[in-house]
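Residues per chain, in single letters:
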Amino acid sequence: MFAINKDLFKHIYKLIKSYNNIVIARHIGPDPDAIGSQIALRDSIKLTFPNKNVYAVGAGVSRFKYLGSLDKIDLTTLEDSLLIVLDVPNFIRVDGIEGLKYSKIIKIDHHPKEDIVGDADFTSNSYSSTAEMITELILGSKLLMDTNVAENLFMGIISDSERFLFKNTTVHTFETVTRLLKEYQIDFLGLYDKLYEKGFNECKFEAYIIDNMTITENGLGYLIIDNSVIEELGLDNSAASVVINRFNFIKELYCWCFVTYDERNEIYKVNIRSRGPVINEIASKYNGGGHVYAAGARITKKSDISKLITDLDKACSDYIGKENQ
Ligand SMILES: [Mn+2]
């Protein structure tokens, strides 16, 4: 893996070096991997080149404020910038680059390839997280790292691999984390408090899901979540995506999905997870996509919800068939 990337890392470093204005973006509805990677790379470039203007853009999420702050800037005032796109394969899901004039793109992402192609392109779905890729880039190039950068990368890896529980975890993931821990004295137990502390109402929401989820005989769990439940508990409409990973390893479930209705955008958002069946190809049929075992979809027609559920159930049944062979 390292040998192939050496020239690519040189190319990425050269591009970064040659631009004064650099804008780093990631996907809408960001998670700790997206924001942690973005802030870590911004801070690493600033450490390496203190005179450059480097901006991490997109809407902030108050829950992830501990990762650092994003930059509020009128992008239309920037001349000739370098755009770095992280953790997102398609332009439609890039957050906060409207009006930006850029001449080159660097792309770093662990999702299956879609329409974004970088002039320097580091796309591979054999990494647990974008943060794992950026750690490899920084440690394998002349970019600098400090404890703060290392902590944000650590958080991205831990979060996207669900603390090494997900199937995207590899020996390389452990090696990468070991290097961060060894070389940058990360207070990882302190960081876990920030990442895993949850309110009691979030626990009640988990209980509501457990109580109301339908489980098919093929091992698909699904629930169309009532918005009034989320409101009564004082949670926001990202609640389902916050808790979905907590339903892993339930014996009766191979795949599980939660549907929430986003009133403002008049769209049904579906979060899907799996511990066997491939789900991103199904999600892409319903205006979505993602990883093999973690994906999402956006549905406008209510009747498509049951079609999606039927497709996922079929994937579970195929998977059980395969397992029994
Ligand atoms: Mn990611």
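Just so it is clear, the structure is predicted and the values come from calculations on it, not from any experiment.

Enquirer: Please explain the sheet that holds strand β9 (residues 267-274) as it appears in this structure.
Expert: Working definition: the strands of a sheet are paired by backbone hydrogen bonds and lie parallel or antiparallel to each other. Read across the sheet, six strands follow the order β6-β7-β8-β9-β11-β10 without closing on themselves; strand pairing throughout is mixed. Looking at the sheet topology across the chains shown, the edges are occupied by β6 (214-215) and β10 (289-290). In this sheet, strand β11 (residues 294-299) lies alongside β10 in antiparallel orientation, the contact comprising two bridges. Paired with G290 across the strands is A295, a residue of β11.

Enquirer: Is there a simple way to explain helix α5 (residues 171-184) in this structure?
Expert: Because each turn of an α-helix spans 3.6 residues, side chains separated by three or four positions in sequence point in the same direction. Here α5 spans 20 Å end to end across 14 residues, near enough to the 20 Å set by a 1.5 Å rise per residue. Of all the residues in α5, the buried ones are T173, T176, V177 and L180. Buried residues along α5 cover an arc of 95 degrees about the axis, so they all sit on one side. In α5, the exposed positions angled more than 90 degrees off the buried face are occupied by V171, T178, K182 and E183. As for α5, its buried residues are in contact with α3 (130-139) and α4 (147-160). The first or second residue beyond α5 is Q185, which carries a positive phi of 45 degrees.

Enquirer: Please explain the sheet that holds strand β2 (residues 53-56) as it appears in this structure.
Expert: Pairing in this open sheet of five strands is parallel, and the strands run β2-β1-β3-β4-β5 from one edge to the other. Edge positions in the open sheet fall to β2 and β5 (120-123), since each of these has one partner strand only. Strand after strand, the sheet turns through a mean of 20 degrees between neighbouring axes, direction not considered. Both strand β1 (residues 21-25) and β2 contribute to a ladder of four bridges, which runs parallel. Considered in β2, the bridge of I22 is made with V54. Contacting β1, β2 and β3 (81-86), helix α2 (residues 32-48) crosses the sheet at an angle of about 170 degrees to β2. Across the sheet, α3 is in contact with β3, β4 (102-109) and β5; its angle to β4 comes to roughly 110 degrees.

Enquirer: Honestly, the packing of α4 against helix α6 (residues 188-196) in this entry has me stumped. Any pointers?
Expert: Closest axis-to-axis distance for the α4/α6 pair is 11 Å, and the angle between their directions is 60 degrees. Judged on the interaxial angle alone, α6 and α4 are oblique. For the crossing formed where α4 meets α6, the hand is right-handed. Contacts from E151, F154, M155, I158 and S159 in α4 reach F188, L191 and L195 in α6. For the contact of α4 with α6, the residue count by class is six nonpolar, one polar and one charged.

Definitions and limits used
- Residues numbered from 1 in each chain as written.
- Predicted model: local features only at pLDDT ≥ 70, side-chain atom pairs only at ≥ 80, totals over all residues.
- Pairing = 2+ DSSP bridges.
- Helix = DSSP H or I, 4+ residues; strand = E, 2+ residues; numbered from the N terminus.
- Expected span 1.5 Å × (residues − 1).
- Buried ≥ 20, exposed ≤ 12 C-beta atoms within 10 Å, placed from the backbone.
- Arc of directions from axis to C-beta.
- Contact = placed C-beta atoms within 7 Å.
- Axes fitted to C-alpha atoms, helices over the stretch in contact; angles between N-to-C directions.
- Parallel < 35°, antiparallel > 145°, perpendicular 65-115°, else oblique.
- Left-handed = near helix turned anticlockwise from the far one by under 90°.
- Nonpolar A, V, L, I, M, F, W, Y, C, P; charged D, E, K, R; others polar.

Keep in mind these values describe shape, not function.
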